[in-house]
Each structure stands twice: as C-alpha cells, then as structure tokens.
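Coordinates in review
Given next are the chains, with one letter for each unit.
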Amino acid sequence: MERIHEMINPFYNKDFITVQNLKPSDIDLLFKEASKMKKTVLKKGGIDVLKGKVITCLFYEPSSRTFGSFVSASQKLGTGTIQLLGMQASSTAKGETLEDTINTFGCFSDAIVIRHPEEGSAKRAASVSYIPIVNAGDGIGEHPTQALLDAYTISNHFKDFSKITFCAVGDMKNGRAVHSTAKLLTTLGVKKFIFVSPISLKMPQEIVQYIKKGGRKVMETENLNEVIESIDILYIFRMQKERFDDQNEYEKLKHKYIVSREIMKKAKKKMILMHPLPRVGEITIEVDSDPRSVYLREQMTSGLYIRMALLKLILKKD
Ligand code: NCD
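Every value quoted in this text rests on a predicted model; they were computed, and no experiment measured them. (Residues numbered from 1 in each chain as written. Predicted model: local features only at pLDDT ≥ 70, side-chain atom pairs only at ≥ 80, totals over all residues. Heavy atoms only, no water.)

1. Notes on the site of the ligand
The local shell around the ligand consists of Thr66, Arg115, His143, Gln146, Arg176, Arg238, Gln240, Pro276, Leu277 and Pro278. Contacts to the ligand include arginine 115, whose side-chain N or O atom sits 3.0 Å from an oxygen atom. Glutamine 240 has a polar side-chain atom sitting 2.9 Å from an oxygen atom of the ligand. Its free accessible area being 320 Å², the ligand has 94% of it covered by the protein chains. The residue makeup of the shell around the ligand, split by class, is 3 nonpolar, 4 polar and 3 charged. (Near = heavy atom within 4 Å. Polar contact = N/O pair within 3.5 Å; in protein donor to acceptor, adjacent residues only side chain to side chain. Areas by Shrake-Rupley, 256 points an atom, 1.4 Å probe, with all protein chains shown as cover. Nonpolar A, V, L, I, M, F, W, Y, C, P; charged D, E, K, R; others polar.)

2. Details of the nonpolar core
In this structure, Phe11, Val113, Ile154, Phe166, Phe193 and Phe195 are the most contacted members of the largest nonpolar core, which totals 65 residues. A total of 10 residues in this core trace back to one element, the largest contributor, which is helix α10 (residues 298-315). Leaving out residues up to four positions away in the same chain, phenylalanine 166 has contacts with Thr181, Leu185, Val190, Lys192, Phe193, Ile194, Ile233 and Tyr235. In this structure, Ile231, Ile236, Val259 and Ile283 belong to the second largest nonpolar core, which totals 26 residues. (Core = buried A, V, L, I, M, F, W, Y, C linked by side-chain atoms within 4.5 Å. Buried < 20%, exposed > 50% of the residue type's maximum accessible area, 1.4 Å probe, protein only. Helix = DSSP H or I, 4+ residues; strand = E, 2+ residues; numbered from the N terminus. Contact = heavy atoms within 4.5 Å.)

3. Observations regarding the packing of helix α2 (residues 65-76) against α10
For the pair α2 and α10, the least separation of the axes is 8 Å and the interaxial angle reads 50 degrees. Taken together, the axis directions place α2 and α10 in an arrangement best described as oblique. The handedness of the crossing between α2 and α10 comes out as right-handed. Contacts between α2 and α10 involve Arg65, Thr66, Ser69, Phe70, Ser72, Ala73, Ser74 and Lys76 on the former and, on the latter, Met300, Gly303, Leu304, Arg307, Met308 and Leu311. (Axes fitted to C-alpha atoms, helices over the stretch in contact; angles between N-to-C directions. Parallel < 35°, antiparallel > 145°, perpendicular 65-115°, else oblique. Left-handed = near helix turned anticlockwise from the far one by under 90°.)

4. Here we look at the pairing of strand β6 (residues 192-196)
Where a strand is regular, its side chains alternate between the two sheet faces. With 4 of 5 residues buried, β6 is to be regarded as a mostly interior element. Note: strand β5 (residues 165-169) against β6, 5 bridges, orientation parallel. From the neighbouring strand, cysteine 167 faces β6, where its bridge partner is isoleucine 194. For the crossover that starts at β5, traverses helix α6 (residues 176-187) and ends in the parallel β6, the hand is right-handed. By the bridge criterion, 5 bridges tie β6 to strand β7 (residues 217-221) in an arrangement that is parallel. If you follow isoleucine 194 over to β7, its bridge partner there is methionine 219. (Pairing = 2+ DSSP bridges. Right-handed = clockwise from strand over helix to strand, strands pointing away.)

5. Details of the sheet that holds strand β4 (residues 133-138)
The strand order across the open sheet formed by 4 strands is β2-β1-β3-β4, and the pairing between neighbours is parallel. Each edge of the open sheet carries a strand with a single partner, namely β2 (80-85) and β4. Sheet twist, expressed as the average angle between the axes of neighbouring strands with direction ignored, equals 10 degrees. Bridging between strand β3 (residues 111-116) and β4 involves 4 bridges; their strand directions are parallel. Across the sheet, residue histidine 116 finds its bridge partner in β4, namely aspartate 138.

6. Here's the deal with the side chain of serine 293
Structurally, serine 293 can be placed in the loop between β9 (272-274) and α10. One polar contact links the side chain of serine 293 to the main-chain carbonyl oxygen of valine 287, over a distance of 2.7 Å. Excluding its chain neighbours within four sequence positions, the residues that come into contact with serine 293 are Leu273, Val287 and Asp288.

In structure tokens:
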C-alpha cells in the first residue's frame, strides 16, 4: 500500500544542513520519493509540482555536478532559479556579508541552496534565513546531499546494509562528502568501515567516534592492497588540493591511490566502485567500462532524483 502521503513529511519547510539528525524512516521516505522522481523523469522529463516557486543556488565555491543537478532538479520540478556560481558577479565582491546575502535572496525565492568554503556556513546562513537553507557543501564540514545520493546508489545494489563493508580511499581529513556519507551509512546500519588514507589525512576522530558509538567497526590503514579483496564498496575521491596549506605536500600525495584494472581484478565481482567526482587521476580511464563502476552515470543521475525529492519535500507538505 502506498503510504508516503499519509506520513508526516519531516522535511517540510526545514533546513537541510547535516545528515546527523536523519532517522532511517526519513531516509526511507526520501528514497521512495527519489524513485518516484526517477520514474517521472524517465517517462516525461519532469513535473510541475513546484510551479511558481523560485530556488536560489548560491555557490561560493566551484561546482559542476552539485550546481548542475540542483538547477536541473529545480527546473524539472517547475521552479524558476536564481543561479550564482562564483560570487564575483554578486555584491559579495563589494564586501557584503553572508547574512545580508541570505536575507536578500530570501526576499526573492523560496529556498536557498548554498555551497561555501567555511565549515558551519550553512548553519550560519540558516540562523538568519526566513526560508529553508540546503547545504551543498560547507568547507570540510558536510555535503549531505552527496551522502544521500551515495546511499541511494548503494541501496540499488545492496538490499541489506548491515552486511556491507564500506571502504573509502583518499583525503579523509578534508573530504566533506565522505564525512557525510560515512555518518549516513552508520544510520543506515553499515557495520564495517575501512578508511584508507595517508597518516596525515586520517578521518577526523570525532567522525570515527560517531561511527563507533553505534557499535560499528572502523579500520584505518594506509594500504588499499591489503583490504581490496574484502570490500563491497570502494569509494575513492581526490586529495582536496584547495584545503592543503602546503601545496608541495599535495603534489607528493595527489597520486598516492589510483584504482587501475589491476586493482579491480583483485576486488569482489559484486563490489561497486564509486567516486563523488571530480576525478583527478584516481581512477584510470580503462576502469570506466568495468560493470562495477557506477560513478559516471548512476551516481550522478541518482543525484538528480535525490535533489528533486529533497526540494519537493522541503517545499510541498504533501
Ligand atoms: C565533492 C565536493 O565538492 O565536496 N564534489 C561533489 O560535490 N561531487 C568532492 C570533491 O570535490 O572532491
């Protein structure tokens, strides 16, 4: 029986800043809505459910996928969009504060999607905003909609999250996407996490503690080879160049982990290979055609459906 519309919509008129407050039932509702969006998009391209609304995409940091998919998601729901990518053309370049900018776009739109280089910026924006704020990445903090699309992609391959071994490889210290994804997978019941990184770029201890608190196992290592055969999800991402104080250090580490055909040969037949993108050499091109690779299409289209679902739930009660 279809019950989505009988449930209370916990996203309605709320900010979406972190994955930490999400309950499994909230995630389930969102995934169901995303699957409906997928059907709609494949059948008729879009649906005018948010006609008359306007969504502002306020991106203070570079973005292709997150920006593009939020704009596309908004338009496929029938909204208008105000698009600011790079703030040099806005009053920010004149010295306007984040708070004043948020208030400004609050007068013209119904929700603001924000990406900003400072950790905590989305929360700061939400504290002054009259309209819902969606976090599209706050410095090294969180990237909650990336986590949702990652988990949604995983749910299409694995039915029982408790049996998954999730392995992330890269710059655990600065990777906001993996920060959110690891927390969300903890909520969804994943029991075993492996974080592969150079010692200097280990996962922040508070996130390791967050995962361990629920009785989950966390293994940290520098060596992908020693774990590759045992994992169900390989989630690799780039060293976060813009977050390094020492660019020589970045140059030394940027190609430390590369997933090649040889690595894929050692992995399980049913493993999936994920990447939030952009890739800067972490996966060789020949791996793109491996059936286990989901980063070039499935993960990104999941992003569109998830963002459509989230915006709809935030802006429409039932
Ligand atoms: C990620 C980000 O911006 O945090 N990109 C994205 O949104 N898909 C990952 C990254 O930039 O490495």
